[in-house]
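One letter stands for each residue in the lines below.
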Amino acid sequence: MYTIADIEKITGAKFLLSNNPAAVIEHLLIDSRKLLFPASSLFFSLPGPRRQGSTFVKDLYNKGVRNFIVDTSFTFLPQDFEAANIIQVKNVLQALQELTAKHRSQFNFPVMGITGSNGKTIVKEWLYQLLHLDFNIVRSPKSYNSQIGVPLSVWQMNEQHTLGIFEAGISMPGEMERLEKVIKPGIGIFTNIGEAHSEGFENIAGKINEKVKLFANSGTVIYCKDEVLVDDALRLFQQKNNSLLFTWGYHKDATLCISSIQIQPFNTVIKAVYKEKKISISIPFTNDAAVKNAITCWCLLLLLNTCLPAGRLNDELIQERMLQLKPVEMRLELKQGINNCSVINDSYSADITSLSIALDFLQQQQQHPKRTVIISDILQSGKTNKELYQQVADILQQKNINRLIGVGTEIVKYSDAFTGIPETAFFNSTAEFLQKFPAMHFYNESILLKGARLFEFEQISHLLEEKVHQTVLEINLNAITYNLNTYQQLLNPGVKLMAMVKAFSYGSGGFEIANLLQFHKVDYLAVAYADEGVELRKAGITLPIMVMNAEEVTYDVLVQHNLEPELFSFGILSTFEDYLMRNGIQNYPVHIKLDTGMRRLGFEQKDIAELCSRLQSGSVFKIQSVFSHLAASDSALHDAFTNAQAKAFLVGCEQIQKITGYTFIRHIANTSAIHRHKNMQFDMIRLGIGLYGVDAEPTIQQQLKNVTTLKTTISQIKKIKAGESIGYSRKGVAVKDSVIATVRIGYADGYPRLLSNGAGTMFVNGRLAPVIGNVCMDMTMLDITGIDAQEGDEVIVFGAALPVSELAASAQSIPYEILTGISQRVKRVYFEE
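Model, not experiment: these values are computed from the prediction.

Caption draft 1: Structural context of the sheet that holds strand 15 (residues 268–274). Pairing in this open sheet of nine strands is mixed, and the strands run 9-10-8-11-12-13-14-15-16 from one edge to the other. A single partner strand is all that each edge strand has here, and the edge strands are strand 9 (137–139) and strand 16 (277–283). Pairwise comparison of adjacent strand axes, ignoring direction, gives a mean angle of 20° for this sheet. As defined by bridge partners, strand 11 (residues 187–190) adjoins strand 12 (residues 220–224) across three bridges and the pair is classed as parallel. Bridged to Gly 188 within strand 12 is Val 221.

Caption draft 2: Spotlight on the nonpolar core. Counting residues in hydrophobic clusters, the biggest one holds 157 residues, and the most contacted among them are Ile 374 and Leu 525. When sequence neighbours within four positions are dropped, the list of residues in contact with Leu 525 reads Met 498, Ala 499, Val 501, Ala 514, Leu 517, Leu 536, Ile 541, Leu 543, Pro 544, Ile 545 and Met 546. With 45 residues, the next largest nonpolar core counts Met 112, Leu 127, Trp 248 and Val 291 among its residues.

Caption draft 3: Layout of the packing of aromatic side chains. On inspection of all chains with the given rule, the structure shows 22 aromatic pairs. Considering the side-chain rings of Phe 107 and Phe 109, the 5.8 Å spacing of their centres and the 45° angle between planes classify their relative orientation as tilted. By relative accessible area, Phe 107 is classed as buried at 10%. Phe 109 gets classed as buried once you look at its relative accessible area, which sits at 13%.

Caption draft 4: Expanded view of the environment of Ser 143. Structurally, Ser 143 can be placed in the loop between strand 9 and helix 5 (149–154). Accessibility expressed as a relative area gives 38% for Ser 143, which makes it partly exposed. Sequence separation between Ser 143 and Gln 156 is 13 residues; the distance between their C-alpha atoms is 15 Å. The contacts of Ser 143, once residues within four sequence positions are left out, are Thr 121 and Glu 167.

Definitions and limits used
Residues numbered from 1 in each chain as written. Predicted model: local features only at pLDDT ≥ 70, side-chain atom pairs only at ≥ 80, totals over all residues. Heavy atoms only, no water. Pairing = 2+ DSSP bridges. Helix = DSSP H or I, 4+ residues; strand = E, 2+ residues; numbered from the N terminus. Axes fitted to C-alpha atoms, helices over the stretch in contact; angles between N-to-C directions. Core = buried A, V, L, I, M, F, W, Y, C linked by side-chain atoms within 4.5 Å. Buried < 20%, exposed > 50% of the residue type's maximum accessible area, 1.4 Å probe, protein only. Contact = heavy atoms within 4.5 Å. Phe/Tyr/Trp six-rings, centres within 6.5 Å; stacked < 30°, edge-to-face > 60°.

What follows is the structure in C-alpha cells.
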C-alpha cells in the first residue's frame, strides 16, 4: 500500500499541492477515458503526440480524481484544485517507471523477462498454460511490453503471487535499460531476432545488444544457440555478468540439443538430448513459429524442474502439458450478432486487467442502448474471491453495464456482490447456460464475452454470432489507430483533423470505425450523404459530421440529427436558406466549398462576390468551415497546379472572412497533402484513404499498417487433365494436368472480373495461386497445382502479404474502388490485438 506522500518520496519530487498526503493509491491511470476508481487513482499526465496529458487534469478532478503527477508545463489556479494532491516532476514517464520499480523491489518470488522480435506474447501465454497449476502467476496483460505497458504490468504484483512473467519490447536504444529496472528478471528469455521494430537501430547486432540489457541481473538466460548473432551477443554478455546460458538448437553444445523435429498431420514430435538423456515432447501444432516457441517453453520447464521438489515437473508431466497447449488468441473481435446485436469476443483469458481493457472497448460501442457482459469465474487473481468479485462488480457498475451473466461456481457464490447491476443471471457451468440460452432473449445490445479458456465460451460465441457468408473482411482497429497517430504526428501545431468515413468508411464499416475515431478524439467526421450521417447518429456518434452531398429532400433529417451540410452552389444555398427561414432556425452550421481547380463541386472564383453578398444579407448560416479539394496533391508533376489551387483558396477565404466578420476553419489538404504540402494544412486536414493504410507516397506507405484483409475459403478441389476448360465461356484451359480450387468469392462480393484468366492471384497456405477462367458471380477458380491445400482451407484475397494496391493495379483500378466495392454480404470482423 502506498500513500501519495510515499510516492512523492519515491519519485524524488515535490508537492505542488498537498491537501491529503495520507491518500492511499491503488490504481495507476494514464488514460482519462479509462477511469474506474477516482478516489484511489493516481493520474500520470503523460505527453501525447497531439495533446499534453495535463490538459485532462481539470476534467479528471471534476470526476473525482484527487491525485496527479504532472510535469513543469502544468499551470493551474489553486482554488480550482482545493482537495487535490499534485506532484510535479521533470519527466512523468520516468516517475511512473521509478514508482513501479520500487514496487517490484518489494517481492522476492521468481520473475521472468521475455524479449525478442516475435513470439513474446505466445511464449508468455503458453508458460501460463503450462505453469498455472503450480504457481499463482502475475503476467503482462495482452502485449503490454512498452515503456508504459511494462510499468502497468508490474504494478499488478502482490503478496499472493508466486511467479511473474513479463514481456519487454523496445524501439530504440536506451529503452531496455529502463525496463530492466522495472522488471528485474531473475530468468531471461530471448525468443528470436527479426526485422520487426528495427527502424530505431543501426543494425540487427545493435538491436540484439540493446535487447540483452534486459538480462543485466538475470541468473539464467534461455535462447536459441542456432541464432548466431544472438549467441555471440549473449556469450559476450555472460563474460561480463556471469549468467547461466540455457540454450537450445541443433548445435552440439546446446543445453537442449535438438535431434529431430517430425511434423505430422496434426502435431509435431520434437526429440532432443538433455544432460546426456534422450527426451521428447509432442505439441498440437505444425508451423515453424509454434515449434520454436514451444521449445523455448520446454527449456523453461526443464530449468524449473531442477529448482522444484522432485517429481513436481518431471518428464512425463512436461510431455502431458506440452501436448495440451492451446492456440493463443491475441485479438479481441467485434462481429455482427443475432437479433441486431454486436458480439465482442475476448474469451481467451479472464483476469481483472484484461477485463478492464475489454470493457474499455465495449464502452466505445455506441450503436446499441444496452451493454451486456457474459463472464466466467476468474482464476488465480491473487485476491480472495470475496474481494475479487466485489472489485469486478465495482468495475462493471463504473462502466454502466446493464446486464451481467455470470458462469462458474465461484461467481455464483458471490452473486450478491452484483446487486447494483440492473439485470443479472448466474449459471454454474457453460453447459447450464447453453441449456437455458433459448430463453435468454438477446436483442439490440452489445455483448462482451470474457471467459477463461476452461469454460469454452466459443460455444456461446457460436450461438450469438450471425451466420453469414464464409468470405470475411477483417478490419484491424489497432492498425487504424496506428495510422491515425502516424498522420497526427505530421501535423503542424494546432491543426485539426477531419476523418473521412464516407462510403461505409471506405468499405471498412460505418459506426464501428466512427466509434473508434470518436474514442480517439478526432475533431470532425465527413460523410457523403445524409443517410450515412443519420446512421452514425443513431449509433451514438456525437462528433460534428459534415455531409458532402446534401439534398433538399434530406433537410429535415439533417437538422433533426444535427448534421452540417456542405454548400457548393447557389441552388443548394438558396433552398437550404429558405428551409431554415421557414422553420425559424438561425446560425445553422454549414460548410462552404470552393472550386479552385477540381472542376467538380463548389463555388468558382467568379462566384465569390455574389456568395459574399448572399452571406452578408442573412443570419441563418454559421460558417463552420470553408474548404476546397486538391486535384493532384499526390503528384510532383502537378505541384504548380496544386500551389495555384491553394493560392486561389486563400484569396477566397479572405474575401469571405472580410464580409462575415468572423473566423472559420480553413481546409484543403487531403491525405497526400498532409505530408507533400505541409504548408497547406491550414486549420484542419481531411484524412481519407491513409487512415485505412494506403498512401501514394512510398516512404509514408512503409510507415502505415495494413487495416483490411479479405479472406475466403476453398469450397471444392478438383484434379483436371491437360486441355480441359474451366469456368464460363471456357476461357480457362489447363495447359497441363492441374489441381483447381473453387473459392467462395466472386464479382458479387466485389472481386473484379478483370482479374479473370491469370490477371489476379490469391494466397493459399502461403503461396500465390493464379485465377484460372472467368471470375463468376459467387465463386472464383484458382490453379493450386503444387500447393498443399485441403477443402475448407483459408485463402487470402488481399492483406498485408498481398496489398490491396497490388490487387487494384492488376484489376486496372485504384485501392479506393476495390475497398468501397466490397459487398455488404461480406461479413466484417473487427478486432483489436
